[in-house]
Amino acid sequence: ARVATEAHEPRRILTGTSLERTRAVVDEVLAKASKDGERAVSWARGTLCALLLVLWPLSTIDEMKNGEPSDWIVTLVSAVGLAFSLAVLWRTKAHGVSNAMRTISSCCAAGLVLSVLMTFVLKPPPTYLGIGRISGVDVAYFAVLCAGIRFSLRGAVTAFVIFSLLIGALMMLDVTRNHFDD
């Protein structure tokens, strides 16, 4: 068996054409990974929203019968999230994912999570203990992570900034409005 060494075999030199082909292959791989990531995020968001759409009313049926707005809004937001996820899955089945679509998807995730949290701050249900104690805040971490799964630095940074600023604002509003400061 012959062992290749630098002394015996010349180094390969990349020409302009081979660099272009390499860039094209890398771009194609990243585009496919981005599309697959967006589809995976859409499946996860759609599944979560579908589960919430079914389980939330089952677990809060008494509050919903009494007209508790926050519980109805969670259900409405879940329906919107499910519809958006289905639209993204349909769109990405045949098309690629643009930077704008990734950013819109990240912003949609932020909007869904933050609208639910804001509802609890503005019109808290009787069992509300403060925004820092509800499980919805944890979803913000997953929304930022999902932006990374999409291979979108812009989307991840956008999601992080949106969540950092708006959750901070919601916490301050919760302190002043509902007197929960823990």
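Just above sits the structure.
Report on the accompanying structure. Bear in mind the structure is a predicted one, so any value in this text is a computation, not a measurement.

### Some points on a nonpolar patch on the surface
So, point 1. Taken together, the side chains of Leu153, Val157, Phe160, Val161, Leu165 and Leu166 define a hydrophobic patch exposed on the protein surface, amounting to about 610 Å² of accessible area.
So, point 2. Counting through the fold element by element, Leu165 comes out in helix α6 (residues 153–178).
So, point 3. Given the relative accessible area of 59%, Leu165 is considered exposed.

### A look at the nonpolar core
So, point 1. Core analysis: the largest hydrophobic core is formed by 17 residues, its most contacted members being Leu114, Leu117, Ile131, Phe163 and Leu170.
So, point 2. Taken together, the elements giving at least two residues each to this core come down to α3 (69–94), α4 (99–122) and α6.
So, point 3. For this core, the element with the highest residue contribution is α4, accounting for nine residues.

### Structural notes on the environment of Val80
So, point 1. Position of Val80 relative to the elements: it lies in helix α3.
So, point 2. Note on Val80: relative accessible area 43%, which makes it partly exposed.
So, point 3. Placed 27 residues apart in sequence, Val80 and Leu53 show a C-alpha to C-alpha distance of 10.0 Å.

### Section: the side chain of Ser105
So, point 1. As for its position among the elements, Ser105 is in helix α4.
So, point 2. Overall, Ser105 belongs to the buried group, its relative accessible area being 0%.
So, point 3. Engagement of the side chain of Ser105 in a polar contact is seen with the side chain of Glu38, the distance being 2.7 Å.

### A word on α3
So, point 1. Between its first and last C-alpha, α3 extends 39 Å over 26 residues, near the 38 Å set by a 1.5 Å rise per residue.
So, point 2. All of the buried residues along α3 are Ser70, Asp71, Val74, Thr75, Val77, Ser78, Gly81, Ser85, Val88, Leu89 and Thr92.

### Topic: the packing of α3 against α4
The relative placement of two packed helices comes down to the angle between their axes together with the axis-to-axis distance.
So, point 1. The interhelical angle for the contact between α3 and α4, taken along N-to-C directions, is 170 degrees, at an axis separation of 9 Å. Taken together, α3 and α4 sit at an angle that is classed as roughly antiparallel. Along its contact with α3, which presents Pro69, Ser70, Ile73, Val74, Val77, Val80, Gly81, Phe84, Val88, Arg91 and Thr92, the element α4 presents Met101, Ile104, Ser105, Cys108, Leu112, Ser115, Val116, Thr119 and Phe120.
So, point 2. The class makeup of the residues in the contact of α3 with α4 is 13 nonpolar, six polar and one charged.

### What to know about the environment of Ser85
So, point 1. Examined against the element boundaries, Ser85 turns out to sit in helix α3.
So, point 2. Non-local contacts of Ser85, meaning those with residues more than four positions away in its chain, are made with Ser42, Arg45 and Gly46.
So, point 3. Within the structure, the side chain of Ser85 is placed 3.5 Å from the backbone oxygen of Ser42, a separation counted as a polar contact.

### Things to note about the side chain of Ser70
So, point 1. Along the chain, Ser70 turns up in helix α3.
So, point 2. Setting aside its immediate chain neighbours within four residues, Ser70 contacts Thr119, Phe120, Lys123 and Pro125.

### Here we look at the packing of aromatic side chains
So, point 1. Tallied over the full model, the rule gives two aromatic pairs.
So, point 2. Ring geometry for Phe120 and Tyr128: centres 6.4 Å apart, planes at 20 degrees, overall stacked. Each of the two residues, Phe120 as well as Tyr128, counts as buried.

### Here we look at α4
So, point 1. End to end, α4 covers 33 Å across 24 residues, agreeing with the expected 34 Å (1.5 Å per residue, within 8%).
So, point 2. Near the N-terminus of α4, the side chain that reaches the backbone nitrogen of Met101, with its oxygen 3.1 Å away, is that of Ser98.

Thresholds applied
- Residues numbered from 1 in each chain as written.
- Predicted model: local features only at pLDDT ≥ 70, side-chain atom pairs only at ≥ 80, totals over all residues.
- Heavy atoms only, no water.
- Patch = residues over 30% accessible without salt bridge, like charges linked within 9 Å, V, L, I, M, F, W, Y side chains within 5 Å.
- Areas by Shrake-Rupley, 256 points an atom, 1.4 Å probe, with all protein chains shown as cover.
- Salt bridge = Lys/Arg side-chain N within 4 Å of Asp/Glu carboxyl O.
- Helix = DSSP H or I, 4+ residues; strand = E, 2+ residues; numbered from the N terminus.
- Buried < 20%, exposed > 50% of the residue type's maximum accessible area, 1.4 Å probe, protein only.
- Core = buried A, V, L, I, M, F, W, Y, C linked by side-chain atoms within 4.5 Å.
- Polar contact = N/O pair within 3.5 Å; in protein donor to acceptor, adjacent residues only side chain to side chain.
- Expected span 1.5 Å × (residues − 1).
- Axes fitted to C-alpha atoms, helices over the stretch in contact; angles between N-to-C directions.
- Parallel < 35°, antiparallel > 145°, perpendicular 65-115°, else oblique.
- Contact = heavy atoms within 4.5 Å.
- Nonpolar A, V, L, I, M, F, W, Y, C, P; charged D, E, K, R; others polar.
- Phe/Tyr/Trp six-rings, centres within 6.5 Å; stacked < 30°, edge-to-face > 60°.

Purely geometric numbers; function is a separate question.
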